[in-house]
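Read off the chains here:
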Amino acid sequence: MECKRLLGDVAAVTGAASGIGKQIALTFAREGAKVACFDINKAGLDATVAEIAANGGEAIAVEVDQSDSTQVAAAMKKAWDEYGKISILINCAAAINYKPLQDTSDEDWNRIMSINANGYFFCLREVYPYMKKSGGGRIVQFSSSTALSGSGFANIAYTASKAAAIGMSKHAAGLWAKDNIRVNTICPGLTETPITDSGDGKVKDREAHEKAIPLGRIARPEDMADVVLFLVSDESRYITGATIHVNGGKYIYGS
Ligand SMILES: NC(=O)c1ccc[n+]([C@@H]2O[C@H](COP(=O)([O-])OP(=O)(O)OC[C@H]3O[C@@H](n4cnc5c(N)ncnc54)[C@H](O)[C@@H]3O)[C@@H](O)[C@H]2O)c1
């Protein structure tokens, strides 16, 4: 008999229009969860929801700019009104730029921080009452290996926002363990998605990147989605406040 691991769960997944967030939404739906797909990209959201429906799953599109707290509150309410439960939150949406530190304007800094750091905070704050009413839940936040290593290419605001994700996860994990809510962070290494597309559908300097990864290849969205599935399933019931590195062994050599 087929055994679905997330039957009875309702998941809010941010960034579900693209890349890793989309793969997470598809994986959760395959495992029986109802998925509220959050993103600013309506066309991408509609494509994700259509793909889930075509595979026999259940999902809704929730268009939201997560840098705006009013929109995040409305989005979370929409998911609750639709399904009467929210037991999983995946904070995955993010924006990036590649400007060097000295060329980063106040506006550049504020834009990235408002989406990546403020947006995660708004989602955490707004999901909490619903998750409590749902009897508890699991939250996974997306940081990045750059939060720990720094980055030769991603902008300083991106790096800072990804470090913020780790701090927020630990804070919420300590606070909400009593509510049966677990909060963990995943730090992906380079993963092939639109965020790493250098404009021609390819990852820049692919060979050099792959050489520096002990497992010998850039990650695929599925590599992240499968770890997230573990972090929201009962097999990880004793893990909270943890930061999980999924990078093909990149930092074994301190590279
Ligand atoms: N791809 C990588 O190499 C990599 C490495 C480390 C960490 N990450 C992290 O993984 C997560 C997913 O990244 P990805 O590679 O799938 O990127 P992606 O660009 O494919 O997806 C990001 C999604 O965020 C959405 N988004 C952007 N601004 C938004 C806003 N204001 N409100 C709502 N949604 C918004 C975009 O529309 C997009 O659908 C991110 O948090 C990223 O920082 C990615």
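Residues numbered from 1 in each chain as written. Predicted model: local features only at pLDDT ≥ 70, side-chain atom pairs only at ≥ 80, totals over all residues. Heavy atoms only, no water.

A. Spotlight on the state of the cysteines. Evaluation of the coordinates by the stated rule reveals 0 disulfides. No disulfide involves Cys37; its sulfur sits 12 Å from the nearest other cysteine sulfur, which is in Cys92. (Disulfide = S-S within 2.5 Å.)

B. Molecular detail of the sheet that holds strand 5 (residues 137-142). The strand order 3-2-1-4-5-6-7 describes an open sheet built from 7 strands, whose pairing is parallel. With partners counted over all chains shown, the strands left at the sheet margins are strand 3 (58-63) and strand 7 (243-246), one partner each. Along the sheet, successive strands turn relative to each other by an average axial angle of 20°, direction set aside. With 4 bridges joining them, strand 6 (residues 181-188) and strand 7 adopt parallel strand pairing. Each residue of the ladder has a partner; that of Ile186, found in strand 7, is Ile244. Each of strand 5, strand 6 and strand 7 is contacted by helix 6 (residues 156-176), which is oriented at about 160° to strand 6, the strand it contacts most. (Pairing = 2+ DSSP bridges. Helix = DSSP H or I, 4+ residues; strand = E, 2+ residues; numbered from the N terminus. Axes fitted to C-alpha atoms, helices over the stretch in contact; angles between N-to-C directions. Contact = heavy atoms within 4.5 Å.)

C. The site of the ligand, seen in detail. Taken together, 29 residues lie near the ligand, and Ser18, Asp39, Tyr158, Thr191 and Thr193 sit nearest. Taking Cys92, its main chain carries an N or O atom lying 2.7 Å from an oxygen atom of the ligand. Notes on the ligand: free accessible area 830 Å², of which the protein chains cover 92%. Among the elements of the structure, helix 1 (19-30), helix 4 (106-133) and helix 6 are those that each provide at least two residues to the shell around the ligand. Grouping the amino acids of the shell around the ligand by side-chain chemistry returns 15 nonpolar, 11 polar and 3 charged. (Near = heavy atom within 4 Å. Polar contact = N/O pair within 3.5 Å; in protein donor to acceptor, adjacent residues only side chain to side chain. Areas by Shrake-Rupley, 256 points an atom, 1.4 Å probe, with all protein chains shown as cover. Nonpolar A, V, L, I, M, F, W, Y, C, P; charged D, E, K, R; others polar.)

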